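Coordinates in review
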Amino acid sequence: MFKGFYNLSSGMFTHGKHLNVISNNMANVSTTGFKSDCFTAQTFDEVMYSVVGNKIKNYEDIGGQSYITAPSENYTDFSQGSFDQTGMPLDFAIEDLDGRGFFAIQTEGGVVYTRAGNFSLDDESYLSLPDHGRVLDTQGNEIQLVTDKIQCDDYGRIYTKNGAYLGQIGVYVFENTDALEKDPMGMFTANGAQPEAQPVKVHNGMLERSNVGLVQEMTKMITTQRAYQSVATATKIYDQVMNRATSEIGRLQ
């Protein structure tokens, strides 16, 4: 009798989770190298109701029904964002159309991966990503620069203005990005995968924008909000019907 509450409440819960994902995408529309998330939901297995004959027990299908919906999995869209020309000597962007290449950052908790290339020099002149850690080269070593007056070729090899070689920024490529795990800061951990440093084109003086489509996310938000409101209204009506049924059933003679 009250199964409808489970269906409706699960709808509100699922739409609420979807709104959280959309809100996070929109909040990071200006975050360098951010990769948007895609929300998916699923229903429980469909149940087929049957009626059984009294004597010979012939089963006759009378209809099917799916139970509550629930959040299934969030998928990350690794497609490449557009480039911004900044002209800053320590800004870098990876040109990798299938989105499998990442900068490697050595943090206190281990190596994490990112598409954000807005680097700077720390107190010891190491190339670093602010608030995270130091950038690794193709050999997995930290890169120490004597100056920010540098020039860079198309594959991340860094030189001084006089032509002295300083190091090469590593671009680590994952064969399968499904293994990557995204943290709340928008950084990725390998989660057991073993990426390889490969020669991938790197643009100096440029940054990769977030791949969030603001218009699309706004459309999703409006649609999801309306769906949430519709379910909430239906829940209120259902509650009124159930209250009336339970309060008046005792009056029947």
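See above for the structure.
Please read these numbers as outputs of a predicted model, since none were measured by experiment.

In terms of regular secondary structure, the protein chain is built from two helices and 20 strands. Looking at the protein chain alone, contacts between residues at least 24 apart form 63% of all its contacts between residues at least 6 apart. Of the accessible surface of the protein chain, which amounts to about 15100 Å², a share of 50% is contributed by carbon and sulfur atoms.

By size, the foremost hydrophobic cluster in this structure holds 23 residues, and its most contacted members are Phe-92, Phe-119, Leu-127, Ile-158 and Ile-169. Elements represented by at least two residues in this core include exactly β6 (92-94), β7 (101-107), β10 (127-129), β12 (150-152) and β15 (171-173). Grouped together as the second largest cluster of nonpolar side chains are 11 residues, Phe-78, Tyr-113, Leu-180 and Ala-193 included.

Okay, unusual backbone geometry next. Despite not being glycine, Asp-131 has its phi angle at roughly 70°, a positive value. You can see Asp-131 is positioned in the loop between β10 and β11 (133-135). One non-glycine residue, Asn-191, lies in positive phi territory at about 55°.

With three bridges connecting them, strand β13 (residues 157-160) and strand β14 (residues 165-168) associate as antiparallel partners. Bridge assignment links Ile-158 to a residue of β14, and that residue is Gly-167. As consecutive antiparallel partners, β13 and β14 are separated by four residues, and within that stretch Gly-163 has a phi angle of approximately 95°, a positive value.

Pairing of side chains with opposite charge becomes possible as their charged atoms draw close. Within this structure, the stated rule accounts for 11 salt bridges. The closest approach of N and O atoms between Lys-182 and Asp-37, which form a salt bridge, is 3.4 Å. Of this pair, Lys-182 sits in strand β16 (residues 181-182) while Asp-37 is found in strand β1 (residues 37-43), placing the two residues 145 residues apart along the sequence. Its salt-bridge partner being Glu-217, residue Lys-220 comes within 3.7 Å of it at the nearest N-O pair. You can see Lys-220 and its partner Glu-217 sitting in helix α2 (residues 214-248), three residues apart, about one turn around the helix. On the basis of relative accessibility, which here comes to 4%, the residue Glu-217 falls in the buried class.

It is worth spelling out α2 at this point. Over its 35 residues, α2 runs 51 Å from end to end, which matches the ideal 51 Å to within 8%, given 1.5 Å per residue. When α2 is considered as a whole, its buried residues turn out to be Glu-217, Met-221, Thr-224, Val-231, Thr-235 and Met-242.

Bringing the sheet that holds β14 into the picture now. Across the sheet, which stays open at both edges, the three strands sit in the order β12-β13-β14 with antiparallel pairing between neighbours. Of all strands in the sheet, those with a lone pairing partner are β12 and β14, marking the two edges. In this sheet, adjacent strand axes meet at a mean angle of 25° when their direction is disregarded. Relative to β13, β12 runs antiparallel, the two being bridged by three bridges. Counted as the bridge partner of Cys-152 is Ile-158 from β13.

Analysis parameters
- Here the residue numbers are simple positions, counted from 1 along each chain's written sequence.
- Since the coordinates come from a predicted model, pLDDT governs what is reported: local features require at least 70, and pairs of side-chain atoms require 80 or more to be given and counted, while whole-chain, interface and lining totals use all residues.
- Hydrogens and water molecules were not included; the side-chain quantities draw on all heavy atoms of the structure.
- Put simply, DSSP H or I for four residues or longer makes a helix, DSSP E for two residues or longer makes a strand, and each gets a number counted from the N terminus.
- The criterion used for residue contact is that any of the two residues' heavy atoms lie within 4.5 Å.
- In these tables, accessible area is a Shrake-Rupley quantity obtained with a 1.4 Å probe, and a residue counts as shielded only by the protein chains included in the view.
- By convention a nonpolar core is built from buried Ala, Val, Leu, Ile, Met, Phe, Trp, Tyr and Cys residues, the set being connected through side-chain atoms within 4.5 Å.
- Categorising residues by exposure relies on relative accessible area from a 1.4 Å probe, with only protein chains included: less than 20% of the type maximum marks a residue as buried, more than 50% marks it as exposed, and the intermediate range marks it as partly exposed.
- A pair of strands is considered paired only if DSSP assigns at least 2 bridges between the two.
- By salt bridge we mean one thing: a side-chain nitrogen of Lys or Arg within 4 Å of a carboxyl oxygen of Asp or Glu.
- A helix is expected to span 1.5 Å multiplied by its residue count minus one.
- Here, axes are lines fitted to C-alpha atoms. For helices the fit covers the stretch in contact, and angles between N-to-C directions go from 0 to 180 degrees.

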